[in-house]
Amino acid sequence: MARKTRWLWLFITAVLPGPAAAAYTSMGFPPAHEIFVPLEADPTELQFKFQFDFPVTQRGIAWINAGDYLGIYRWALGNAGALQLNIGGAVNSRFDATPTHNLQVIDYYGNVPLDLRIGRFSARSMFYHDSSHLGDDYLRERNIEDSNSSWNALREILSVDATTFLRFYGGYTWALDTKPVWSGRQAVQGGTEIHFNTSARGFWQPYWANDFQAWQRSNWDLTWVSQLGFKTGDQFSRGRGISYFVQFKTGPRYEGQFYKNHETAWGVGLKFELSDHLFAPATSPETTAP
C-alpha cells in the first residue's frame, strides 16, 4: 500500500503545475518562449545562429540563420498553466565556406504555433510553411534553372520536464501539400536535453541536446543531431544570452531542395538567444529568484 501511495504522489507532483504556474496572467504580446521552450538541437527551430560545418566528404559550409517568434496573446488557465498564440519566421541560408562564399540554398519558414503549458508538460500545435530556393551562385555554377520546392504542414510536439535539468520531447508532422509531390508526407521526431547548471543565479549553463527526425519522404531514414555547448548570459542563464556549441549531424538533409541527400558533418557555432527569461512567468526575474 505504501508503495502504491508513493507512486501516486510522484505522478501527481509530475502532472500538477509548479508554484510559478499561478503567476501566468492573460496578456497581449507576451514573451514568446516561456510556454514552449525552443528545441536546442532541432536545425529547423527558429533562431539566430552562425555555424560552420565540415562534411566528411566535401568542402566546408557555413550557415546563417535568422528568425524568432513573437507572442501574440496569452490566456491564463487559472492555476493550471497557460495557452499562447505566437507567430514566427526565419531565413536559413547555407553557403560554401570558401573565399567565394557562394550561396547554395535558402529556406524561408513561416510558423504559427499554439503553445500550452500545464505544470511540467508543454505542447505545441503548429502550422508552418517552408519555401526552399537554390542560390543564384549554385544555379550559375551548374547552369541549371531553379525549381521551387515548398510545403505546408502541421506539427504536434509534446514535451515534459522530467526534472529541473532533464527534458524529453516527441512529435509528429503531416505535410498537407507539397511542391513537387512527395512519395510520403509523414514525419516523427524525438529528443532529449540535459542542462547541467540550473541555478537561477548561474551566469553560464552547459547543455547536451539530441534531436532525432525521420521523414517518410526519405524512407524513414533517421537524421540525428547531437549538440554539446554552454550558454553565457545574465544570472537567469536559461534566458537571454549567447550559446557556443559543437555539433554532430548525420542523415538526410532538411532543406527542401536536398531532402534526398544524405550528409554527415561536424560543426561549431554560436546561437544568440534574445528572450529575456524562460520558465519565469512572473512580471520580473527578481520575483522568481529564491
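Just so you know, these numbers come straight off a predicted model, no measurement behind them.

A look at the overall build of the chain
Stage number 1. For the chain, the count of helices and strands is two helices and 13 strands.
Stage number 2. Split into buried and exposed, the 290 residues of the chain put 49% on the buried side.
Stage number 3. Expressed as a percentage of contacts within the chain between residues at least 6 apart in sequence, the contacts between residues at least 24 apart total 59%.
Stage number 4. As displayed, the chain has an accessible area near 14,000 Å², and 66% of this comes from carbon and sulfur atoms.

What about the layout of surface pockets?
Empty pockets left among the atoms are what a rolling probe the size of a water molecule brings to light.
Stage number 1. Of the pockets and cavities examined, the second largest pocket occupies roughly 150 Å³.
Stage number 2. Taken together, Ser-147, Asn-148, Ser-149, Pro-180, Gly-256, Gln-257, Phe-258, Tyr-259, Lys-260 and Asn-261 make up the full set of residues lining the second largest pocket.
Stage number 3. In terms of residue class, the lining of the second largest pocket is built from three nonpolar, six polar and one charged.

A word on the packing of aromatic side chains
Think of a pair of aromatic rings as described by two things: how far the centres are apart, and how the planes are tilted against each other in angle.
Stage number 1. Evaluation of the coordinates by the stated rule reveals ten aromatic pairs.
Stage number 2. Consider the rings of Phe-50 and Phe-52, whose centres lie 5.2 Å apart with planes at 85°: the pair is edge-to-face.
Stage number 3. Given the relative accessible area of 34%, Phe-52 is considered partly exposed.
Stage number 4. Grouping aromatic residues by their ring pairs yields a cluster made of Trp-151, Trp-182, Trp-215 and Tyr-259.

Concerning the nonpolar core
Stage number 1. One finds Tyr-128, Trp-151, Trp-182 and Trp-215 to be the most contacted residues of the largest nonpolar core, which totals 14 residues.
Stage number 2. For this core, the secondary-structure elements that each account for two or more residues are strand E6 (121-134) and strand E7 (149-161).
Stage number 3. Not counting residues up to four positions away in its chain, the partners in contact with Trp-215 are Tyr-128, Trp-151, Thr-173, Trp-182, Arg-185, Gln-186, Ala-187, Trp-220 and Asp-221.

Observations concerning the environment of Leu-222
Stage number 1. Mapped onto the elements, Leu-222 comes out in strand E11 (residues 222-233).
Stage number 2. Looking at Leu-222, the relative accessible area reads 44%, which means it is partly exposed.
Stage number 3. Expressed as a C-alpha distance, the spacing of Leu-222 and Gly-251, which sit 29 residues apart in the sequence, is 5.8 Å.
Stage number 4. The contacts of Leu-222, once residues within four sequence positions are left out, are Phe-212, Gln-213, Ala-214, Thr-250, Gly-251 and Pro-252.

What to know about unusual backbone geometry
Stage number 1. Following Lys-179, the chain continues into Pro-180 via a peptide bond in cis, with omega recorded as 0°.
Stage number 2. In this fold, Pro-180 is placed in the loop between strand E8 (166-179) and strand E9 (186-195).
Stage number 3. Of note in this structure, Trp-220 is not a glycine but carries a positive phi near 60°.
Stage number 4. In this structure, Trp-220 sits in the loop between strand E10 (204-215) and E11.

Conventions used here
- Residues numbered from 1 in each chain as written.
- Predicted model: local features only at pLDDT ≥ 70, side-chain atom pairs only at ≥ 80, totals over all residues.
- Heavy atoms only, no water.
- Helix = DSSP H or I, 4+ residues; strand = E, 2+ residues; numbered from the N terminus.
- Buried < 20%, exposed > 50% of the residue type's maximum accessible area, 1.4 Å probe, protein only.
- Contact = heavy atoms within 4.5 Å.
- Areas by Shrake-Rupley, 256 points an atom, 1.4 Å probe, with all protein chains shown as cover.
- 1 Å grid on protein atoms, 1.4 Å probe; cavity = no way out; pocket = protein on both sides within 12 Å on 5 of 7 lines; lining within 4 Å.
- Points joined across faces, edges and corners; volume = space filled by probe spheres on them.
- Nonpolar A, V, L, I, M, F, W, Y, C, P; charged D, E, K, R; others polar.
- Phe/Tyr/Trp six-rings, centres within 6.5 Å; stacked < 30°, edge-to-face > 60°.
- Core = buried A, V, L, I, M, F, W, Y, C linked by side-chain atoms within 4.5 Å.

Just distances and angles here, no functional claims.
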